[in-house]
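# Summary of the model geometry
Read off the chains here:
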Amino acid sequence: MSNSELTVEKLANEEYKYGFVTDIETDKLPKGLNEDVIKLISEKKNEPGWMTDWRLKAYRHWLTMKEPHWSNVKYGPIDYQDIIYYAAPKKKPKLSSLNEADPQLVKAFEKLGIPLEEQKRLAGVAVDAVFDSVSVATTFKEKLNDLGIIFCSMSEALQKYPELVRKYLGTVVPYTDNFFASLNSAVFSDGSFAFVPKGVRCPMELSTYFRINASETGQFERTLIVAEEGAYVSYLEGCTAPIRDTNQLHAAVVELVALDNAEIKYSTVQNWYPGDKDGKGGIYNFVTKRGACRGVSSKISWTQVETGSAITWKYPSCILQGDNSVGEFYSVAMTNNMQQADTGTKMIHIGKNTRSTIISKGISAGRSNNSYRGQVRITSKAENARNYSQCDSLLIGDKCGAHTFPYLETNNPTAQVEHEATTSKIGADQIFYLNQRGISTEDAVRLIVNGYCKEVFRQLPMEFAVEATRLLSMSLEGSVG
Amino acid sequence: MLEIKDLHASVEEKEILKGIDLKVNAGEVHAIMGPNGSGKSTLANVLAGRPEYRVTGGEALYEGKDLLAMAPETRAREGVFLAFQYPVELPGVNNTTFLRTALNEGRKYRGQPELSAGAFLALLKKKMQLVEMADTLLSRAVNEGFSGGEKKRNEILQMAVLEPRLAILDETDSGLDIDALRIVANSVNKLRSKENAIILVTHYQRLLNYIVPDFVHVLYNGKIVKSGGKELALELEEKGYDSVRQEEIAAK
């Protein structure tokens with residue numbers, strides 16, 4: 001066995017660092033889904049009638065749909081009646097500071113290194129932490145309030161700003177959109193709501209950390225971000241989850257709306273439990289993320305670093321309606337062991353002079369399977385639309401797979417669409433070269449992978465880029481071969 | 001500094017080195033010459049610890065320590081440097097980041113403080129002048145899109161930065177035009193000192209006009225068949241490897 005293979009063996013046996021369960025009494029509904037469950041969720045959350053109706057419509061529509069199986073991932077059947085659709089920490093006080101929160105909860109946050117405490121404020125991050133399904137603490141709200149920025153949980157938004165939510169909810173991802181989005185529309189428990197009014201530049205990164213905690217609880221977040229004319233906002237999403245034996249379903253929906261000259265930057269670092277090295281117990285991540293560049297010269301930029309989940313099914317997309325609008329997608333998707341990822345983006349060009357850029361970096365290690373699936377559609381009205389796509393795959397070892405499925409559809413002759421794809425491997429000669437300069441095999445792989453991902457990391461806010469690099473290093477552990 | 005005794009090594013079960021004996025002291029420059037397939041590059045790679053090469057017998061002591069028992073990165077940190085015959089491209093890995101990581105790994109190993117980005121850049125600037133290399137190569141990825149000559153010069157830059165005790169130059173002259181060869185040779189000469197030693201693996205006498213060795217060894221069929229001073233290289237150039245081999249056979 002070579003030196004590098006030994007390193008693999010050693011690292012492969014290391015445990016998932018974030019595997020712990022917080023012991024908090026949880027108020028949860030019994031397993032199963034029917035109209036009564038949906039009404040109960042809506043009632044528990046004291047929602048307006050239109051919201052309950054919308055949920056029910058979504059549920060009825062969902063009943064007519066079939067689970068999609070077109071993606072390049074394999075998993076056993078999901079029993080939707082064997083899932084708990086609502087769980088909230090039992091102690092649910094209104095908190096003005098973290099001192100009032102359940103100490104167990106705070107400890108859990110600390111374990112995760114979540115910047116919730118006072119000192120972390122100095123880092124300039126306002127955190128709306130969703131613990132299981134209900135928001136527990138929100139910071140920085142006042143400062144944001146002064147600027148007229150709303151940043152709160154979806155539940156709170158439905159209480160305080162119902163008309164604003166109603167105006168935009170489901171306008172980008174309708175409840176009929178797809179199987180998982182319909183399910184989410186029916187049962188979503190919470191999520192984040194951000195609204196940046198006309199002409200306001202949000203002075204800090206808005207950040208939410210998600211964490212699935214209660215056993216066998218599917219988590220269905222709903223996030224809505226609206227940037228009015230000339231507004232700017234950067235939103236960060238990061239996640240970890242504890243070890244579980246049964247697969248946990250996660251079906252989130254994220255909607256972004258950018259009006260004239262507005263810009264939304266949405267960054268994700270996703271590190272959910274990927275399952276053990278045989279793939280047992282990981283999270284199923286079936287997410288619908290979509291942004292609408294509704295106004296002229298608006299811009300939406302998705303940046304994601306995906307290292308977790310047993311299965312990832314996710315295509316953050318941009319609908320470029322406004323003339324001169326810009327859509328961007330920067331992605332690093334890393335799979336190890338038995339992980340499966342089918343991820344990519346859709347860029348729908350409708351307005352004139354719309355531009356989109358896709359930079360996708362897939363990294364496959366272990367026996368994992370990593371697919372890029374991307375659609376670029378230039379509609380007949382999209383004069384002078386431009387797209388540039390670059391899809392690279394990096395293979396570590398010889399038991400993993402990488403696939404690229406680009407779909408290009410051009411209905412306007414003035415369009416310019418470019419697609420580049422490469423596949424490369426970390427070679428033994430590269431490792432030896434770095435070894436010979438005094439760099440260990442682990443560090444050599446990190447150096448090569450970080451170099452490979454640089455174009456995407458550059459898009460992340462500074463502190464997030466550091467975290468992304470660290471997470472990637474952690475995910476790489478056990479992958480050197 | 002380096003003492004090789006009866007070293008045997010194989011690649012894919014084929015024995016390439018069949019009993020090498022070589023002693024290198026600090027301050028010396030040794031040239032190892034020989035025809036294609038004689039085992040020159042194998043010797044260089046075995047000393048550096050390339051995993052595909054299996055040592056089947058003998059030993060190599062470096063500063064009294066068992067070199068062959070060390071991991072490749074440990075050998076590097078101990079001060080053994082191999083200038084590769086075919087430098088590897090590392091797409092996306094910034095040349096400066098790479099050099100600084102390599103230098104700091106060695107410093108950490110020796111218990112020295114790591115160099116800050118600023119201090120490193122100052123050092124690097126000096127070394128760049130030494131090897132007459134353009135700044136533009138620093139902001140690029142390691143060897144990516146470099147010409148053959150640029151790659152070889154990048155190897156010498158790494159040598160200049162890492163300041164190895166024992167540098168093994170594996171056919172650093174191959175693929176260089178005469179100007180590049182002169183620059184590379186000048187750089188190496190500037191790096192010569194009483195404290196360090198250099199092993200030059202080369203095919204041609206040409207390089208030795210610029211880097212004058214203290215000793216020349218002829219490697220043939222996995223063995224050193226003849227050793228001598230710098231004049232041996234000229235003799236080889238004149239008579240060819242075959243005649244040297246014939247003489248050797250005759251002598252036996």
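Before any of the text, the structure's been laid out above.
To keep things clear, this report deals only with the structure shown in the data block. Values in this document were obtained by computation on a predicted structure and should not be read as measured data. (Residues numbered from 1 in each chain as written. Chains lettered and ligands numbered in written order. Predicted model: local features only at pLDDT ≥ 70, side-chain atom pairs only at ≥ 80, totals over all residues. Heavy atoms only, no water.)

## Details of the sheet that holds strand β4 (residues 53-62) of chain B
Residue and element names in this part refer to chain B. The strand order across the open sheet formed by four strands is β2-β1-β4-β5, and the pairing between neighbours is antiparallel. Because the sheet does not close on itself, it has two edges, and the strands there are β2 (14-24) and β5 (65-66). Here strand β1 (residues 2-11) runs beside β4; their pairing, made up of eight bridges, is antiparallel. What sits directly across from Ala-9, in β4, is Val-55. Running at roughly 105° to β1, helix α1 (residues 40-48) makes contact with β1, β2 and β4 of the sheet. (Pairing = 2+ DSSP bridges. Helix = DSSP H or I, 4+ residues; strand = E, 2+ residues; numbered from the N terminus. Contact = heavy atoms within 4.5 Å. Axes fitted to C-alpha atoms, helices over the stretch in contact; angles between N-to-C directions.)

## Brief notes about the pattern of salt bridges
Residue and element names in this part refer to chain A. Overall, the coordinates contain 30 salt bridges over all chains when judged by the stated rule. Asp-177 is the partner of Arg-290 in a salt bridge, and the nearest nitrogen-oxygen pair spans 2.8 Å. With a gap of 113 residues between them, Arg-290 in strand β13 (residues 283-293) and Asp-177 in the loop between α8 (162-168) and α9 (179-187) connect regions that are remote in the sequence. Residue Asp-177 is classed as partly exposed on the basis of its relative accessible area of 27%. Asp-342 serves as the salt-bridge partner of Arg-373, at 2.6 Å between the closest nitrogen and oxygen. Pair noted here: Arg-373 is in strand β20 (residues 369-378) and Asp-342 is in strand β18 (residues 340-349), with a separation of 31 residues, a long-range link. Exposure remark for Arg-373: the relative accessible area of 9% places this residue in the buried category. Overlapping salt bridges bring together Glu-263, Lys-299 and Glu-328 as one network. (Salt bridge = Lys/Arg side-chain N within 4 Å of Asp/Glu carboxyl O. Buried < 20%, exposed > 50% of the residue type's maximum accessible area, 1.4 Å probe, protein only.)

## Regarding the environment of Val-253 of chain A
All names here are of chain A. With respect to the helices, strands and loops of the structure, Val-253 is situated in strand β11 (residues 253-258). With 78 residues separating them in the primary sequence, Val-253 and Ser-331 have C-alpha atoms 18 Å apart. Residue contacts for Val-253: discarding those within four places in its chain leaves Val-173, Ala-181, Asn-184, Glu-221, Arg-222, Thr-223 and Thr-288.

## Considering the interface of chain B and chain A
How big an interface is tends to be stated in terms of accessible area lost as the parts join. Listed per partner, the contact involves 32 residues of chain B and 19 residues of chain A. Per-residue buried area on chain B facing chain A is highest for Glu-73, Phe-84 and Val-88 of chain B; these three make up 23% of the total on that side. Connecting chain B to chain A are one salt bridge. The closest approach of N and O atoms between Glu-155 of chain B and Arg-437 of chain A, which form a salt bridge, is 2.7 Å. Residues belonging to the side of chain B that touches chain A are distributed by class as follows: 18 nonpolar, eight polar and six charged. (Buried area = accessible area lost by both parts, 1.4 Å probe. Nonpolar A, V, L, I, M, F, W, Y, C, P; charged D, E, K, R; others polar.)

## A closer look at the nonpolar core
Residues and elements named next belong to chain A. Ile-363 and Val-449 are the most contacted members of the largest nonpolar core, which totals 112 residues. When residues of this core are assigned to their parent elements, the largest contribution, nine residues, is made by helix α11 (residues 441-457). Every residue in contact with Val-449, bar those within four places of it in the chain, is listed here: Ile-363, Leu-394, Ile-396, Ile-426, Leu-472 and Leu-476. Grouped together as the second largest cluster of nonpolar side chains are 50 residues, Ile-41, Tyr-85, Phe-193 and Val-257 included. (Core = buried A, V, L, I, M, F, W, Y, C linked by side-chain atoms within 4.5 Å.)

## Section: the side chain of Gln-375 of chain A
All names here are of chain A. Topologically, Gln-375 is positioned in strand β20. Owing to a relative accessible area of 19%, Gln-375 belongs among the buried residues under this scheme. Ignoring sequence-local partners within four residues, the contact set of Gln-375 consists of Thr-345, Lys-346, Met-347, Ile-348, Tyr-407 and Glu-409.

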